[in-house]
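# Descriptive structure summary
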Amino acid sequence: MRSYVPVVCCLFFAMAAPIAPAANVNDFIDFSLRSATNTLILPARLYVPPPAADPSPRPLILFLHGSGESGVDNLAQVNGNIDFLLAEAKRRDAFLYAPQTNIGWAGSTVLTRTMTMIDRAIADQEVDPNRIYVTGLSMGGGGVWNIITRYPDRFAAAVPICPVTPSPFDPASLDGQSIWDFHARNDSTVSVNASRNVISGILAAASEPVPEYPAFGGLFPNFQYDNNLLDLHYTEFRIGGHGIWSQVYRRQDMYDWMFGHSLVPEPSTLVILAVSLMGFVMICSRRGSGV
């Protein structure tokens with residue numbers, strides 16, 4: 001299990017967010033990785049929240065785009081798919097980092113470059129290294145699996161959406177990470193089995209029973225699996241096809257869950273642990289003295 005303690009251990013009922021204004025390139029600064037000779041290595045945009053009266057570090061969301069936004073124009077990755085995510089970043093006073101790739105999210109090089117820029121944001125901006133979150137859709141959803149497999153101790157929570165099969169896949173490295181995966185049963189682009197296999201692999205690696213997934217066809221309702229011990233959650237919509245990210249990025253319960261995580265226990269959690277430990281010590285001492 002990872003060393004952090006999630007602040008939020010349960011899921012809330014979904015509430016749809018209001019219509020978000022369309023993301024605009026002007027919402028972001030250029031945050032591309034370039035070589036010493038100014039050659040573009042990794043195009044990227046970064047939303048920087050307005051300066052706060054309290055200059056304490058703020059969370060950062062990493063967004064990994066799908067194959068339809070692949071390229072090097074440094075524009076396509078901040079199209080309509082990111083509207084609701086950006087609106088929530090603004091509401092939560094969080095940074096939003098959106099790199100762009102034309103080689104996919106499976107290779108070690110692109111993931112290393114992505115982490116290089118996250119570290120740069122931590123160094124140059126008021127980014128909290130304990131509240132880095134990652135989400136992505138389709139090819140980018142597979143990228144979520146890949147990056148948290150390669151960097152298991154850097155992300156406080158992960159939200160893959162209709163993700164492709166990760167490469168490589170090491171379920172043991174995902175055991176104990178805070179994950180909420182979304183997929184639609186009738187997805188004809190990326191089979192729902194891609195998510196089911198990863199969830200089952202994580203559970204098997206943790207010696208936890210695998211859920212009985214709904215059969216295909218028929219009118220079986222949405223499927224929800226929650227393992228609070230592992231902080232592993234899986235939502236399978238009955239319908240929705242491949243483009244479910246718009247409804248996922250409108251869910252306030254998803255954001256409440258995600259932003260409720262940190263890589264270190266919150267002060268309130270530390271107090272609870274300390275009080276519990278003190279009580280345990282007092283009980284043991286009383287027993288030892290025969291009281």
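As the structure is a computational prediction, the values presented were derived from the model and not from experiment.

Before going further, it helps to examine the sheet that holds strand β7 (residues 127–137). Spatially, the nine strands line up as an open sheet ordered β1-β4-β6-β5-β7-β8-β9-β11-β10, and their pairing is mixed. Two strands bound the open sheet, and with one partner strand each, they are β1 (29–30) and β10 (223–227). Summarising the sheet, β7 and strand β8 (residues 157–161) pair through five bridges and their orientation is parallel. Each bridged residue has a counterpart across the sheet, and for Thr 135 the counterpart in β8 is Val 159. Contacting β5 (58–64), β7, β8 and β9 (179–184), helix α3 (residues 139–150) crosses the sheet at an angle of about 140 degrees to β7.

With that settled, consider the packing of aromatic side chains. Scanning the entire structure with this criterion turns up nine aromatic pairs. With a centroid separation of 5.8 Å and 80 degrees between ring planes, the pair formed by Trp 180 and Trp 257 is classed as edge-to-face. Taken together, the positions of Trp 180 in strand β9 and Trp 257 in helix α7 (residues 252–259) put the pair 77 residues apart, joining distant regions of the chain. Judged by its relative accessible area of 0%, Trp 257 falls in the buried class.

Time to look at the packing of helix α2 (residues 108–124) against α3. Packing of α2 against α3 brings their axes to within 11 Å, and their N-to-C directions diverge by 75 degrees. When the axis of α2 is compared with that of α3, the two are roughly perpendicular. Note on element contacts: α3 touches α2 through Asn 146, Ile 147 and Arg 150, opposite Ser 108, Leu 111, Thr 114 and Met 115. Each residue belonging to the contact of α2 with α3 can be placed in one class, and the counts come to three nonpolar, three polar and one charged.

Let us now look at the pattern of salt bridges. One pass over the full model with this rule turns up 10 salt bridges. Residues Arg 91 and Glu 88 are paired through a salt bridge, measuring 2.8 Å at the closest nitrogen-oxygen approach. With Arg 91 and Glu 88 both in helix α1 (residues 83–92), this residue pair falls three residues apart, about one helical turn. Using a relative accessible area of 54% as the deciding quantity, one classes Arg 91 as exposed. For Arg 92, the salt bridge identified is with Asp 256, shortest N-O distance 2.6 Å. Taken as a pair, Arg 92 in helix α1 and Asp 256 in helix α7 lie far apart in primary sequence, 164 residues in all. Relative accessible area serves as the criterion here: at 27%, Asp 256 is assigned to the partly exposed category. Several salt bridges converge on common partners, so that one network encompasses Glu 88, Arg 91, Arg 92 and Asp 256.

Turning our eyes to something else, we now look at the pairing of β5. Buried residues dominate β5, accounting for seven of its seven residues. The pairing of β5 with β7 spans six bridges and is parallel. Within β7, the residue paired with Arg 58 across the bridge is Val 127. What joins β5 to strand β6 (residues 95–99) is α1, and the crossover it makes is right-handed.

Turning our attention to the side chain of Glu 236. Looking at the secondary structure, you find Glu 236 in strand β11 (residues 232–237). Here Arg 185 takes part through its side chain, which lies 2.6 Å from a polar atom of the side chain of Glu 236.

Right, let's get into the nonpolar core. Judged by nonpolar contacts, the single largest core of 42 residues is most densely connected at Tyr 97, Val 134, Ile 147, Ile 148 and Phe 155. In terms of residue count, α2 provides more of this core than any other element does, six residues in total. The residues touching Tyr 97, leaving out its near neighbours within four places in the chain, are Phe 31, Leu 42, Ala 44, Arg 45, Leu 46, Leu 60, Ile 61, Leu 62, Phe 63, Thr 114, Met 117 and Ile 118. Membership of the second largest hydrophobic core comes to 36 residues, among which are Tyr 47, Ile 82, Trp 180 and Trp 245.

Looking now at unusual backbone geometry. Here Ser 167 and Pro 168 are connected by a cis peptide whose omega angle stands at -5 degrees. Locating Pro 168 in the fold gives a position in the loop between β8 and α4 (171–174). One non-glycine residue, Cys 162, lies in positive phi territory at about 35 degrees. You can see Cys 162 is positioned in the loop between β8 and α4. Note on Cys 162: relative accessible area 0%, which makes it buried. The backbone phi angle of Asp 231 is positive, close to 55 degrees, even though this residue is not glycine. Structurally, Asp 231 is set in the loop between β10 and β11. With a relative accessible area of 6%, Asp 231 lands in the buried category.

Analysis parameters
- Note on numbering: residues in each chain are counted from 1, in written sequence order.
- Only residues with pLDDT of 70 or above have their local features reported here, since the model is predicted, and side-chain atom pairs are shown and tallied only from 80 upward, although totals for entire chains, interfaces and linings are computed over all residues.
- Here the side-chain values reflect all heavy atoms present in the structure, with hydrogen atoms and water set aside.
- Note on pairing: two strands pair once DSSP finds at least 2 bridges between them.
- Only DSSP runs of H or I reaching four residues or more are called helices, and only runs of E reaching two or more are called strands; each is numbered from the N terminus.
- We call two residues contacting when some pair of their heavy atoms lies within 4.5 Å.
- Fitted lines through C-alpha atoms give the axes, limited to the stretch in contact for helices. The angle between two N-to-C directions lies from 0 to 180 degrees.
- The aromatic pairing rule takes the rings of Phe, Tyr and Trp, using the six-membered ring of Trp, and pairs them if the centres are within 6.5 Å, calling planes under 30 degrees apart stacked, those over 60 edge-to-face and the rest tilted.
- Think of it in three bands: residues with accessible area under 20% of the maximum for their type are buried, residues over 50% are exposed, and the middle band is partly exposed, with areas taken using a 1.4 Å probe on protein chains only.
- Note on terminology: angles under 35 degrees are roughly parallel, angles over 145 are roughly antiparallel, angles of 65 to 115 are roughly perpendicular, and the others are oblique.
- Amino acid classes used here: Ala, Val, Leu, Ile, Met, Phe, Trp, Tyr, Cys and Pro are nonpolar; Asp, Glu, Lys and Arg are charged; the rest, including Gly, are polar.
- Only one rule defines a salt bridge in this text: a Lys or Arg side-chain nitrogen within 4 Å of an Asp or Glu carboxyl oxygen.
- Whether a crossover is right-handed depends on one test, that the path from the first strand over the helix to the second runs clockwise when the strands point away from the viewer.
- Here a polar contact is taken to be a pair of N or O atoms separated by no more than 3.5 Å, where protein atoms must pair a possible hydrogen donor with a possible acceptor and residues adjacent in sequence count only if both atoms sit in side chains.
- We call a set of buried Ala, Val, Leu, Ile, Met, Phe, Trp, Tyr and Cys residues a nonpolar core when their side-chain atoms join them within 4.5 Å.

Everything listed here is a matter of geometry and, on its own, says nothing about what the molecule does.
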